[in-house]
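Chains, contacts and geometry: an overview
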Amino acid sequence: MEEIIQEKISADHLLYVSLKYTKTCDVIMNLLIRWRKMIETSIGKILKHAKKKKKISSVPANPIVQIEEVKRLFKKDRNFLDIIELYEMFRKLEDLRIERIGEFRKNVTLKIYYQGKEINVNLEQLKKYAEKMEKFVDSVKGFLK
């Protein structure tokens, strides 16, 4: 659990300190990648714990199968499933088409084109993601206890 908390602290620092002063899309990308690492770590810990508690027979090696397994374990937790959907986008970040808008300004926006949709990741959207991440970490803590 400590690893997950450390990733979250690093992500929070990027959001509330680095982004406040630099306002660049690189910081937004780094934040999204940090969240991706946190979610990956969480998925790994959840699956190991579920195997120990005999909720699953084995921990899958394939990331896509891992995602499906975690979705099955948390099918009633809507916020958790939202985060997993975000994670699926975060996994492909480096390969997606991205536009940088308003760098070094208050309204800095990273425009991501994913599954035929245009997603505007700005400060407002990042705060919404941060709230969901907070709830996600709480869900993971509850599961791992």
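Residues numbered from 1 in each chain as written. Predicted model: local features only at pLDDT ≥ 70, side-chain atom pairs only at ≥ 80, totals over all residues. Heavy atoms only, no water.

Focus: the sheet that holds strand 3 (residues 117–122)
Test applied: For two strands to count as paired, DSSP must find a minimum of two bridges between them. Secondary structure elements are defined from DSSP: runs of H or I of at least 4 residues count as helices, runs of E of at least 2 residues count as strands, and each element is numbered from the N terminus. The axes used here are C-alpha line fits, helices contributing only the stretch in contact, and every angle between their N-to-C directions lies in the interval 0 to 180 degrees. Contacts are assigned to residue pairs that have any heavy atoms within 4.5 Å of one another.
As summarised here, the arrangement of the three strands in space is 1-2-3, forming an open sheet in which the pairing is antiparallel. Each edge of the open sheet carries a strand with a single partner, namely strand 1 (97–101) and strand 3. Within the sheet, the average angular offset between the axes of one strand and its neighbour, ignoring direction, is 20°. Across six bridges, strand 2 (residues 109–114) lies against strand 3 in antiparallel orientation. Among the inter-strand pairings, Ile 112 is bridged to a residue of strand 3, identified as Ile 119. Its contacts with the sheet place helix 2 (residues 25–52) against strand 1, strand 2 and strand 3, and it is angled at close to 55° to strand 2.

So, the packing of helix 2 against helix 3 (residues 63–73)
How two helices sit against one another is set out by the angle between their axes and by the gap between those axes. We count it as follows: In what follows, roughly perpendicular refers to angles from 65 to 115 degrees, roughly parallel to angles under 35, roughly antiparallel to angles over 145, and oblique to any angle outside these ranges. A clockwise turn of the near helix away from the far one marks a right-handed crossing, whereas an anticlockwise turn of less than a right angle marks a left-handed crossing. Only Asp, Glu, Lys and Arg are considered charged in this grouping, and only Ala, Val, Leu, Ile, Met, Phe, Trp, Tyr, Cys and Pro are considered nonpolar; every other residue, Gly among them, is considered polar.
Relative orientation of the contacting elements helix 2 and helix 3 amounts to 65°, with a least axis distance of 10 Å. Of the possible angle classes, the one that applies to helix 2 and helix 3 is roughly perpendicular. Of the two possible hands of crossing, helix 2 and helix 3 adopt the one that is left-handed. Judged by residue contacts, Ile 43, Ile 46, Leu 47 and Ala 50 of helix 2 engage Gln 66, Glu 69, Val 70 and Leu 73 from helix 3. Classifying every residue of the contact of helix 2 with helix 3 by side-chain character gives six nonpolar, one polar and one charged.

Concerning unusual backbone geometry
Positive phi, normally seen in glycine, also occurs at Lys 23, with a value near 50°. Tracing the backbone through its elements, the reader meets Lys 23 in the loop between helix 1 (2–22) and helix 2. In the Ramachandran plot, Gln 115 falls in the positive-phi region, its phi being about 50° despite a non-glycine side chain. Positionally, Gln 115 belongs in the loop between strand 2 and strand 3.

The analysis is restricted to geometry; functional conclusions fall outside its scope.
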